[in-house]
Each structure stands twice: as structure tokens, then as C-alpha cells.
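Coordinates in review
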Amino acid sequence: DGGITQSPKYLFRKEGQNVTLSCEQNLNHDAMYWYRQDPGQGLRLIYYSQIVNDFQKGDIAEGYSVSREKKESFPLTVTSAQKNPTAFYLCASSIPSGTSAANTGELFFGEGSRLTVL
Amino acid sequence: GEDVEQSLFLSVREGDSSVINCTYTDSSSTYLYWYKQEPGAGLQLLTYIFSNMDMKQDQRLTVLLNKKDKHLSLRIADTQTGDSAIYFCAESTGGFKTIFGAGTRLFVKA
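These remarks concern the structure in this document. (Residues numbered from 1 in each chain as written. Chains lettered and ligands numbered in written order. Predicted model: local features only at pLDDT ≥ 70, side-chain atom pairs only at ≥ 80, totals over all residues. Heavy atoms only, no water.)

1. Observations regarding the interface of chain B and chain A
If you look at the interface, chain B gives 22 residues, while chain A gives 25 residues. Interface area, chain B with chain A, both sides summed: about 1800 Å², of which 57% is carbon and sulfur. The three residues of chain B that bury the most area against chain A are B:Leu43, B:Phe96 and B:Phe100, which together make up 33% of that side's buried surface. Put simply, chain B and chain A have one salt bridge between them. With a shortest N-O distance of 3.2 Å, B:Lys97 and A:Asp59 are connected by a salt bridge. At the boundary of chain B with chain A, the tally comes to four residue pairs in polar contact (both at pLDDT 80 or more). Every element with two or more residues in the side of chain B that touches chain A is listed here: strand S4 (31–37), strand S5 (43–50), strand S9 (85–92) and strand S10 (98–100) of chain B. (Contact = heavy atoms within 4.5 Å. Buried area = accessible area lost by both parts, 1.4 Å probe. Salt bridge = Lys/Arg side-chain N within 4 Å of Asp/Glu carboxyl O. Polar contact = N/O pair within 3.5 Å; in protein donor to acceptor, adjacent residues only side chain to side chain. Helix = DSSP H or I, 4+ residues; strand = E, 2+ residues; numbered from the N terminus.)

In C-alpha cells, the structure reads:
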């Protein structure tokens, strides 16, 4: 079945360590996204990528880095510079709305990765 | 900047209707969405409405859009315990940016 796979589902990290979250999709979507979810807040965009070898900062990119070497993969690294990294991280993909009459910009999400910093 | 607001909690009895409300600020929004999130999982699109529509019905779901007041609502008829989840309102002007509300947690009492 087509979809988005995130791993690991749960991750614990010591302060000062970098950690990389994996996101893979087999939907053949060009666009991929990373969101952060905190309790009582909406999803906040960290980074997005419109196409292979290109990515853009979202609203809260500081302390995070990404790469997009393959269409299927968009890993997120949470660096030690991220001051408050404990959160639920969601990866998504889409065909951006407006690219054809049928596309509504629907986002397809993975199951999420919960990162806890000890 | 753009903003989407919704109340954080709603509690209903099984069999009643649930109405979740949302307001947004961007008058150029093209698409408005309702996503559902089960505990510990990702979001899944429930329904969407184009900005040139006033209403959309899909089985137990009814979406109402008041563009003048920038108000969107989701009505779930005959609410079941399986409808307990977080419901996110979101808007997009097209392209790559989607703005999400904080989510409304729906509790359904048996």
C-alpha cells in the first residue's frame, strides 16, 4: 500500500546529542514537509521540500536541518542547537494544490515520531 | 500573519450531533480542510471545501463556510465513540503552505 513511513516511533535523546528522524514515501509526491506538534498548539512547519535537492525553511527551522537527496526520502535532523526539542514530529507529503484541477493540496501524514530529551 | 483559531475541547453524548467551529484570518484562502487525528497517530483528511462553496455534505459530515465572517464549521451527525479524536481546521491559499489551528479534542460520552 502507498503511504508515508516514519521511524523511529519513539526516540529518547540526551541533551547535546543530534538525532535524525526518518521519513520515506512511496506516493510519488514531489512535495514533502516536516511539522512539529506540541500540546494545545497547531502544527508548525519546520521545513518543506518542493522537489529533489531543494528545501525551504518553514516557520520554526532554527535548530533543525534536512536533506532531500531522493524523491522518496526527507530525513530531519534535530540538532543540539534546538532549545526545546521534546515534541511529536510529523512528516507529510502532497501534490501541491493548483498544480492540476484535481489537486486540493491534501497532506498525507506519517504516523509520527515522538522525541523526548532526557 | 495568517491565523486559524478553534476551541480546544468539546464533549458530547453518543448519538448527539457535534459541531466544531473554526475562524481564520486569510481572506484569500482557497481551500479549507478538516483533518482528524487519532491518539498517537498522524493526521488524516476528513473533508475539505473550496472557498467558492457555502456547504458540503458527506455522509455524517456537514461543512459550513461563511466567507464574510471567515468562519468554518464541521458538524458530525449521530456522533459515535469512534469519533473521539482531535479535529484540526486548516486553510491554504494554494501551493505549499497550509496553516493549522490548534485542534479541538472531541470527547464522546457513552
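The discussion continues.
2. Remarks on the sheet that holds strand S6 (residues 55–58) of chain B
All names here are of chain B. Reading across the sheet, the five strands line up as S1-S3-S8-S7-S6 and stay open at both edges, with antiparallel pairing between neighbours. One side of each edge strand has no neighbouring strand; the edge strands of this open sheet are strand S1 (4–6) and S6. On average, adjacent strands in this sheet sit at an angle of 15 degrees to one another, irrespective of strand direction. Sheet analysis places strand S3 (residues 18–24) next to strand S8 (residues 71–76), joined by six bridges and oriented antiparallel. Residue Thr23 lies in a different strand from S8, and its bridge partner there is His71. (Pairing = 2+ DSSP bridges. Axes fitted to C-alpha atoms, helices over the stretch in contact; angles between N-to-C directions.)

3. Re the packing of aromatic side chains
One pass over the full model with this rule turns up 15 aromatic pairs over all chains. Aromatic ring contacts, followed pair by pair, group A:Tyr33, A:Tyr35, A:Tyr48, A:Phe109, B:Tyr31, B:Tyr33, B:Tyr35, B:Tyr48, B:Phe50, B:Phe96 and B:Phe100 into a single cluster. For B:Lys56, the ring lying beneath its charged end belongs to B:Tyr48, and the centroid distance is 3.7 Å. (Phe/Tyr/Trp six-rings, centres within 6.5 Å; stacked < 30°, edge-to-face > 60°. Lys NZ or Arg CZ within 6 Å of the ring centre and 35° of its normal.)

4. Observations concerning the pattern of salt bridges
Opposite charge on two side chains makes pairing possible when the charged atoms of those side chains draw close. Under the defined criterion, the tally for this structure stands at seven salt bridges over all chains. With its nearest N and O atoms 2.8 Å apart, the salt bridge here joins A:Asp38 to A:Arg36. Judged by its relative accessible area of 10%, A:Asp38 is buried. Overall, the relative accessible area of 3% leaves A:Arg36 in the buried class. Ionic pairing is found between B:Glu38 and B:Lys36, a salt bridge with its closest N-O pair at 3.4 Å. Residue class for B:Glu38 comes out partly exposed when judged on its relative accessible area of 35%. Several salt bridges share partner residues, and in doing so they unite A:Arg36, A:Asp38 and A:Arg44 into one network. (Buried < 20%, exposed > 50% of the residue type's maximum accessible area, 1.4 Å probe, protein only.)

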